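# Working through the structure, step by step
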Amino acid sequence: MRYERKIDFRYDLMDNQERILDSLKATGSISFNSQSDVMGTGSFQIREEKLQQYAQFYVDMRIRPQILIWDEDGNVSEKYLGIYIMTSPIRSGNNNTVVWNVDCYDKGIILKEDKLQDRLYIPAGSNYVAQVKNVLLSAGINKFSIESSSLTNSADIEFEIGTSKLDVINDLLYAINFYPIHFDGNGFAETSRYIEPMQRSVQLSYMTDHKSIILEGAQQSNDLYNVPNVVVRYVDNPDADPLRSVYINNNPDSIISTVRRGRNIVDVESVDDIADQDTLDSYTKRIAIEKSQACDSVMLRTGLTTGHGFRNCIFVRDDELEISTKYIEYSWNMDLEVGGSMTHHLKRVLQI
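Here's what I pulled together on the structure shown here.

About the cut-offs
- Residues numbered from 1 in each chain as written.
- Predicted model: local features only at pLDDT ≥ 70, side-chain atom pairs only at ≥ 80, totals over all residues.
- Heavy atoms only, no water.
- Helix = DSSP H or I, 4+ residues; strand = E, 2+ residues; numbered from the N terminus.
- Contact = heavy atoms within 4.5 Å.
- Areas by Shrake-Rupley, 256 points an atom, 1.4 Å probe, with all protein chains shown as cover.
- Lys, Arg positive; Asp, Glu negative; His and termini not counted.
- Charge placed at Lys NZ, Arg CZ, Asp CG, Glu CD.
- Expected span 1.5 Å × (residues − 1).
- Buried < 20%, exposed > 50% of the residue type's maximum accessible area, 1.4 Å probe, protein only.
- Polar contact = N/O pair within 3.5 Å; in protein donor to acceptor, adjacent residues only side chain to side chain.
- Phe/Tyr/Trp six-rings, centres within 6.5 Å; stacked < 30°, edge-to-face > 60°.
- Lys NZ or Arg CZ within 6 Å of the ring centre and 35° of its normal.
- Pairing = 2+ DSSP bridges.

It is worth spelling out the overall build of the protein at this point. Along the protein, the regular secondary structure elements total five helices and 23 strands. For the protein, the share of sequence-separated contacts (at least 6 apart) that also reach a separation of at least 24 residues comes to 68%. When the accessible surface of the protein is totalled, it reaches about 17,600 Å², and 43% of it is carbon and sulfur. Taking the average location of the 36 positive side-chain charges in the protein and that of its 51 negative ones, the two points are 3 Å from each other.

As structure tokens, this is what we get:
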């Protein structure tokens, strides 16, 4: 027997300094896709009476939704769900009420739209993380949580005029095998070094038990076609020593390995910059792991819950699909309404 949960939402209207201007009467939905440049998006329907006095400033305003969930013991968990920058609204009438329909992006849009006005030259010996922070600050983003690293570039790096600051940051991050920059529910830019999925601890669980919030409609797909079992990455930089890394999946327990398939399926690409050989080896294995995860993906619908962000490690036990294992959540979306649901797109944690 499933227990009933009480859920509510709040919405803050904020200025471009993220000071609260007002509360809003709104509904909407948010989505997060870790494979997109700007990962967080939102779509909101807002009653106009709260927005009229701020209408001339709407291009600078931001929306911060919050979810509140009470458990069966009466305890409440509160979670901010991101800070979203408003785009041009569409006004419409509905039962004598004017509503603004607004599509929004998280603060990644700032980095995508802010581009270099001059060449950016980073001399050899510069700390990658320090350079990432400098670019963030140059775009007006001073709230960030970034893991430290001692890695420095072995050769000069130069970015062309017109390159987006998002591309600059992510190029620097992949050179040290970090995750791409993303924004959490409180609007902080964050990233950290890549951790292999097998080494990840479970952060959230969905199980078909008496407290299950799993809804009907779960789907599982398997796609083994053209999944590589040999991955090659190399650096062809005339200003630095050539680097090359090969990862071969020859695990007899892996259904896509060279041993099980009896042939090589090779994925080869060059990389523009990488910190050193160890980082290239780790990065190459990362590509092999992420491409192998396409073997087993799950679309899961659940009730609303908190705690989701960038590529959470989730344990799923679905008795109907006979699933009981760890997955990495690559994307999710949430209906911000009582009785709403979440959709999760997951990829299985595989040992290769």
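After that view, the rundown keeps rolling.
Attention shifts here to helix H5 (residues 277-292). An ideal rise of 1.5 Å per residue puts 22 Å on 16 residues; H5 measures up with 23 Å between its terminal C-alpha atoms. The set of residues buried in H5 consists of Thr279, Leu280, Tyr283, Thr284, Arg286, Ile287, Ala288, Ile289 and Ser292. Along its buried surface, H5 packs onto helix H3 (165-174), strand E17 (230-235), strand E18 (243-248) and strand E19 (266-271). Among the residues of H5, the N-terminal cap falls to Asp276, whose side-chain oxygen and the backbone nitrogen of Asp278 are separated by 3.4 Å.

Moving on, we come to the packing of aromatic side chains. The geometry of two aromatic rings is summed up by the distance between their centres and the angle between their planes. This structure, assessed with the given rule, holds six aromatic pairs. For the pair Phe32 and Trp332, a centre-to-centre distance of 5.9 Å together with 10° between the ring planes defines the contact as stacked. Placement of the pair is Phe32 in strand E3 (residues 26-33) and Trp332 in strand E22 (residues 323-336), with a sequence separation of 300 residues. A relative accessible area of 7% places Phe32 in the buried class. Accessibility expressed as a relative area gives 7% for Trp332, which makes it buried. One aromatic cluster is present, built from ring pairs that chain together Tyr11, Phe44 and Tyr84. Just above the ring of Trp70 sits the side chain of Lys6; from NZ or CZ to the centre is 4.3 Å.

The subject of this paragraph is the sheet that holds strand E11 (residues 144-146). The three strands lie next to each other as E11-E14-E13, forming an open sheet whose pairing is mixed. Edge positions in the sheet fall to E11 and strand E13 (182-183), since each has one partner strand and no second. By the bridge criterion, two bridges tie E13 to strand E14 (residues 189-191) in an arrangement that is antiparallel. By the bridge assignment, Phe183 is partnered in E14 with Ala189.

A few words on unusual backbone geometry. The backbone of Glu18 sits at a positive phi, close to 65°, despite the residue not being glycine. Tracing the sequence through the fold places Glu18 in the loop between strand E1 (6-14) and strand E2 (20-23). Judged by its relative accessible area of 16%, Glu18 is buried. The phi angle at Glu322 is positive, at roughly 55°, despite the residue not being glycine. Take Glu322: it is sitting in the loop between strand E21 (313-318) and E22.

Moving on to H3. The buried count for H3 comes to eight of 10 residues, which makes it a mostly enclosed element. Along H3, the positions that sit buried rather than exposed are Lys165, Leu166, Val168, Ile169, Asn170, Leu172, Leu173 and Tyr174.

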